[in-house]
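Structural description and commentary
Chain by chain, the residues:
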Amino acid sequence: MPIGDRVFASKHPLIQHKLTLLRSVDTEPKKFRELIREISTLLGYEATCDLALEDAPVTTPLAVTTGRKLAEKIGLVPILRSGLGMVDGIWELMPGAEVWHIGLYRDH
């Protein structure tokens with residue numbers, strides 16, 4: 001499968017706007033980090049649209065009913081440097097997600 005078939009380029013207007021601000025030479029480091037977090041939240045929302053759900057009982061003020069909850073544990077595995085800045089944005093969507101790290105080294 002060609003790589004172009006596996007890449008999702010978001011066309012969402014908010015992401016496009018924030019990417020423009022992110023790329024500007026005038027963007028200060030603090031604003032850059034804020035934009036990374038905001039873009040990550042928006043991308044996380046799009047990327048999680050097909051997560052598996054399962055039925056779950058929930059007690060409301062009126063009655064017990066059936067709701068839906070995530071069926072599997074979520075683990076975030078950031079690629080060092082750029083990926084670390086994206087974790088906080090995803091955590092805003094899924095505060096129960098765990099961050100997992102994989103240690104690698106280069107064999108010269």
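A brief report on the enclosed structure follows. Going along each chain's sequence as written, the residues are numbered from 1 onward. This being a predicted model, a pLDDT of at least 70 is required before a residue's local features are given, and a value of 80 or more before pairs of side-chain atoms are given or counted; all residues contribute to the totals for chains, interfaces and linings. With hydrogens and water excluded, all non-hydrogen atoms of the structure serve as input to the side-chain values.

Bringing the nonpolar core into the picture now. Buried Ala, Val, Leu, Ile, Met, Phe, Trp, Tyr and Cys residues that are joined via side-chain atoms within 4.5 Å together make up what is termed a nonpolar core. Note on exposure labels: buried denotes an accessible area under 20% of the residue type's maximum, exposed denotes more than 50%, and partly exposed covers the range between, all computed with a 1.4 Å probe on protein chains only. Of all hydrophobic cores here, the largest spans 6 residues; its members are Ile-74, Leu-76, Val-87, Ile-90, Met-94 and Ala-97. Contact between two residues is taken to exist if any of their heavy atoms lie within 4.5 Å; hydrogens are not considered. Setting aside residues no more than four positions away along its own chain, Met-94 makes contact with Thr-48, Leu-51, Ile-74 and Leu-76.

Attention shifts here to the environment of Leu-104. Helix and strand definitions here come from DSSP, where helices need a minimum of 4 consecutive H or I residues and strands a minimum of 2 consecutive E residues; each element is numbered from the N-terminal end. Of note, Leu-104 is situated in the segment after strand S4 (98-99). Leu-104 sits 54 residues away from Asp-50 along the chain, and the two C-alpha atoms are 30 Å apart.

When a carboxyl oxygen of Asp or Glu is within 4 Å of a side-chain nitrogen of Lys or Arg, the pair counts as a salt bridge. One pass over the structure, following the stated rule, counts 7 salt bridges. Between Glu-34 and Lys-30 there is a salt bridge, with the nearest N and O atoms lying 2.5 Å from each other. Here Lys-30 and Glu-34 lie together in helix H2 (residues 29-47), a separation of 4 residues that amounts to about one turn. Looking at Lys-30, the relative accessible area reads 52%, which means it is exposed. Put simply, Glu-98 and Lys-73 hold a salt bridge, and the shortest N to O gap is 3.5 Å. Of the two residues, Glu-98 sits in strand S4 while Lys-73 sits in the loop between strand S2 (64-70) and strand S3 (75-76), which places them 25 residues apart along the sequence. Taking relative accessible area as the criterion, Glu-98 reaches 34% and is therefore assigned partly exposed. Linked through salt bridges whose partners overlap, the residues forming this network are Lys-30, Lys-31 and Glu-34.

Our focus in this paragraph is the pairing of strand S1 (residues 53-59). For two strands to pair, DSSP has to find at least two bridges joining them. With 7 bridges connecting them, S1 and S2 associate as antiparallel partners. Following the sheet pairing, Glu-54 is matched in S2 by Lys-69. The hairpin formed by S1 and S2 contains 4 residues between the paired strands.

Residue placement: Thr-41 occurs in helix H2. Judged by relative accessible area, Thr-41 falls into the buried class, the value being 18%. Leaving out residues up to four positions away in the same chain, Thr-41 has contacts with Gly-89, Glu-92 and Leu-93.

On to the layout of surface pockets, then. Gaps left between atoms are located by rolling a probe of water-molecule size over the structure's atoms. When its volume is computed, the largest pocket comes out at roughly 350 Å³. A 1.4 Å probe that fits but cannot get out identifies a cavity on a 1 Å grid over protein atoms alone, an open set with protein on both sides within 12 Å along at least five of seven lines counts as a pocket, and a residue lines either if it has an atom within 4 Å of a point. As for the largest pocket, its lining consists of 17 residues, of which Gly-44, Ala-47, Leu-76, Met-86 and Ile-90 are closest to the centre. Listing elements by their share of the lining of the largest pocket, those giving two or more residues are H2 and helix H3 (87-93). Among the elements that line the lining of the largest pocket, the one with the most residues is H2, at 4 residues. All amino acids are sorted into three groups, where Ala, Val, Leu, Ile, Met, Phe, Trp, Tyr, Cys and Pro are nonpolar, Asp, Glu, Lys and Arg are charged, and the leftover types, Gly among them, are polar. Residues of the lining of the largest pocket, tallied by class, amount to 13 nonpolar, 4 polar and no charged. Considering only enclosed or pocket space, the second largest pocket measures out at about 180 Å³ in volume. Grid points are joined across faces, edges and corners, and a volume is the space filled by probe spheres set on the points.

Note that every value here comes from positions in space, so none of it alone points to a role or purpose.
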